[in-house]
Amino acid sequence: MESFSSLQILIILLGGCLCVDLGRLDVAAHSKNGMGVQPLSKIAIHKAVYSLRDNASITAYPYVLGAKGGSSQWITVEIECPNPTEDDWVAVFSPAKFNSSTCPSDDDKQEEPYICSAPIKYKFANDSDAGYTKTGKATLKFQLINQRADFSFALFSGGLSNPKLVAVSNFIKFANPKAPLYPRLSQGKSWDEMTVTWTSGYGITEAVPMVEWGLKGESQTRSPAGTLTFHQNSMCGIPARTVGWRDPGFIHTSFLRDLWPNSMYSYKLGHKLVNGSYIWSKSYSFKSSPYPGQESLQRIVIFGDMGKAERDGSNEFNNYQPGSLNTTDQLIKDLNAIDIVFHIGDITYANGYISQWDQFTSQVEPIASTVPYMIASGNHERDSPGTGSFYDGNDSGGECGVLAETMFYVPAENRAKFWYSTDYGMFHFCIADSEHDWREGSEQYKFIEKCLASADRKNQPWLIFAAHRVLGYSSSYWQSGSYGEPMGRESLQKLWQKYKVDVAFFGHVHNYERTCPIYQNQCVNTERSHYSGTVNGTIHVVVGGGGSHLAEFSPVETTWSIYKDSDFGFVKLTAFNHSSLLFEYKKSSDGKVYDSFTISRDYRDVLACVHDGCEPITLAP
């Protein structure tokens with residue numbers, strides 16, 4: 001590889017100068033309580049100034065990654081700086097050439113070139129060597145994933161708020177940057193359909209996407225895939241339209257239909273190039289869904305608010321790594337005992353920094369490539385002012401649902417309206433979108449009632465409702481401990497009761513809480529660990545401890561709260577048959593069960609009359 005001096009590299013990158021664009025918008029995206037700041041938003045990259053030093057250097061190696069086909073690799077970055085300070089930091093840029101040629105056309109731009117894109121990750125120079133400030137030398141380790149472009153590293157002084165570019169590294173790249181990667185499975189619109197979505201660098205003019213698949217050990221067939229992408233003008237605000245933008249590549253989805261129930265299938269992702277050659281991913285496998293109502297062991301995992309974290313310790317803020325990675329790793333350890341996963345909102349916390357979606361799909365690949373990974377829409381996916389969000393914040397950082405709707409498939413009638421139903425054996429799930437109107441009379445309310453009413457409780461006795469925001473009950477500090485979103489209870493409680501919903505799950509509040517079976521703020525059953533016969537109400541569960549910063553509980557003591565835990569964790573439901581269900585709350589740190597209950601009942605118990613949920617009768621002979 002040709003070598004360049006720091007000055008030559010800088011000239012290549014920046015066109016000879018770096019001008020500060022004082023007209024750029026502040027991209028810091030803080031949540032209402034000041035917690036959960038997107039780490040990349042702490043970088044005032046629009047304020048960066050040129051301060052190149054000939055005797056400073058930064059070198060990255062190896063030059064070529066993934067030579068053996070891998071999609072991630074650890075690399076080494078060596079730094080030498082003659083005037084080191086404790087706020088020196090190293091940024092990873094991709095594409096490697098981050099000069100003005102990659103900047104969007106913008107009428108309010110005062111001068112160019114300038115750095116117009118945030119890095120994809122960063123570390124402080126003294127991260128691995130406390131002696132850096134004395135020696136001016138440090139060696140850092142980064143884990144990079146294939147994100148369809150090359151990489152470079154930049155050494156900055158001045159901290160994150162006043163960055164001064166000191167040195168720029170050589171370029172490094174993956175051997176096949178366009179390779180098909182990060183498959184994520186999802187239930188299709190029928191029980192015997194599995195969808196496979198993945199990301200690549202191949203557009204429809206370059207290659208034809210497909211999945212080669214079939215029963216494991218038998219002959220394979222090929223199914224075509226559709227291709228989607230989106231552009232910078234698809235974004236609804238900052239930073240997604242500005243410094244957070246990064247080309248997402250192409251997102252492909254294939255529909256594998258007419259599956260045999262409970263059967264093991266193998267599959268691999270492929271692209272036929274225009275020259276007739278093929279590019280294939282490694283092989284994966286999944287187990288197809290059971291026939292609706294089938295009586296067999298069925299295991300469901302539910303959590304919210306996990307986010308992404310970096311195994312190399314970069315981008316760390318508010319201690320995300322232990323929660324997010326521990327949850328991911330516990331699910332991977334238990335994967336042989338999990339059939340389907342529901343991640344109910346606040347998926348990546350990318351908040352408009354598009355590169356982070358690749359990072360997340362890489363993080364969950366061992367899970368999502370093996371079992372259906374079903375998502376719900378949260379405020380950090382959807383909310384953006386003036387875009388039809390029910391809540392008028394900018395928690396999505398200008399994404400306005402585009403990333404979630406494109407990167408993951410859900411069996412919704414309209415993926416821009418992120419509500420849907422899905423069946424898994426003895427379970428019937430109604431997944432709501434808390435970021436769109438769900439009040440009585442709304443389009444979504446009608447869907448929710450139709451979904452709940454469509455449950456065949458003889459064959460699918462376990463009826464589950466889920467949404468991101470707490471539309472039921474929570475005694476967290478959120479909303480001053482006022483039991484979550486009051487409009488939710490007013491609008492939806494009558495439906496939960498009428499259709500005898502077993503458990504309602506929510507995220508948004510970053511902790512765990514379980515209620516008694518409850519209706520209109522009152523416990524309707526005195527049991528705590530075992531429910532039998534007619535339950536009379538719905539158990540509400542907050543399971544928002546997937547990985548994001550934890551929330552405290554209000555000092556208000558409620559009669560309906562049975563178990564609280566301000567820790568990272570997830571819930572596992574195990575249906576043994578039509579009459580027996582086990583609920584377990586597990587901590588992400590050790591995978592052990594800290595709260596549990598069972599439900600035992602017969603079909604006639606589901607039909608039994610409960611308050612405000614009785615079927616009409618007539619005395620006519």
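Here, every reference points to the structure presented above.
Let me begin by describing the structure that accompanies this report.

About the thresholds
- Residues numbered from 1 in each chain as written.
- Predicted model: local features only at pLDDT ≥ 70, side-chain atom pairs only at ≥ 80, totals over all residues.
- Heavy atoms only, no water.
- Helix = DSSP H or I, 4+ residues; strand = E, 2+ residues; numbered from the N terminus.
- Buried < 20%, exposed > 50% of the residue type's maximum accessible area, 1.4 Å probe, protein only.
- Areas by Shrake-Rupley, 256 points an atom, 1.4 Å probe, with all protein chains shown as cover.
- Axes fitted to C-alpha atoms, helices over the stretch in contact; angles between N-to-C directions.
- Parallel < 35°, antiparallel > 145°, perpendicular 65-115°, else oblique.
- Contact = heavy atoms within 4.5 Å.
- Nonpolar A, V, L, I, M, F, W, Y, C, P; charged D, E, K, R; others polar.
- Salt bridge = Lys/Arg side-chain N within 4 Å of Asp/Glu carboxyl O.
- Pairing = 2+ DSSP bridges.
- Patch = residues over 30% accessible without salt bridge, like charges linked within 9 Å, V, L, I, M, F, W, Y side chains within 5 Å.
- Disulfide = S-S within 2.5 Å.

Let us look at the overall build of the protein chain. Of the regular secondary structure elements, the protein chain holds ten helices and 33 strands. Classification of the 621 residues of the protein chain by burial places 61% in the buried group. As displayed, the protein chain offers around 23,700 Å² of accessible surface, 50% of which is attributable to carbon and sulfur atoms.

So, about the packing of helix H8 (residues 443–453) against helix H9 (residues 486–498). Two numbers describe how H8 lies on H9: the axes approach to 10 Å, and their chain directions differ by 10°. Overall, the two elements H8 and H9 adopt an arrangement that is roughly parallel. Of H9, the residues touching H8 (which contributes Tyr445, Ile448, Glu449 and Leu452) are Ser491, Leu492, Lys494, Leu495 and Lys498. Broken down by class, the residue content of the contact of H8 with H9 amounts to five nonpolar, one polar and three charged.

We now examine the pattern of salt bridges. Opposite charge on two side chains makes pairing possible when the charged atoms of those side chains draw close. Inspection of the entire model under this criterion finds 25 salt bridges. Residue Lys308 is joined to Glu310 by a salt bridge in which the shortest nitrogen-to-oxygen separation is 3.1 Å. In this structure Lys308 comes out as buried when scored by relative accessible area, which is 9%. The closest approach of N and O atoms between Lys572 and Asp334, which form a salt bridge, is 3.1 Å. A residue pair is termed long-range when its members are at least 10 positions apart, and Lys572 in strand E31 (residues 569–575) and Asp334 in the loop between helix H3 (320–333) and strand E20 (340–344) qualify at 238 residues. For the pair Lys572 and Asp334, a shared accessibility class is recorded, and that class is buried. Three or more residues are tied together by salt bridges with common partners; here these are Lys121, Lys308, Glu310 and Asp312.

The next point concerns the pairing of E31. Here E31 lies mainly inside the structure; seven of its seven residues are buried. Sheet analysis places strand E19 (residues 298–303) next to E31, joined by five bridges and oriented antiparallel. For Ile300, the partnering residue across the bridge sits in E31 and is Leu573. Two strands pair when backbone bridges link them, and E31 and strand E32 (residues 580–587) are joined in this way by seven bridges, in the antiparallel orientation. Bridge pairing in E32 links Thr574 to Leu582. Between E31 and the antiparallel strand that follows it, E32, lie four residues.

A word on a nonpolar patch on the surface. A surface patch of nonpolar side chains, about 270 Å² in accessible area, is lined by Tyr61, Tyr63 and Val64. Residue placement: Tyr61 occurs in strand E2 (residues 57–61).

Taken as a whole and judged by the stated rule, the model has four disulfides. Covalent S-S linkage joins Cys430 and Cys451, the inter-sulfur distance amounting to 2.1 Å. Between Cys430 and Cys451, the S-S torsion sits near -100°, and that sign places the bridge as left-handed. Remark: Cys451 occurs in helix H8 and Cys430 occurs in strand E23 (residues 427–431); sequence separation between them is 21 residues. The two residues Cys430 and Cys451 agree in class, both being buried. Bridging Cys609 to Cys614, the disulfide has an S-S length of 1.8 Å.

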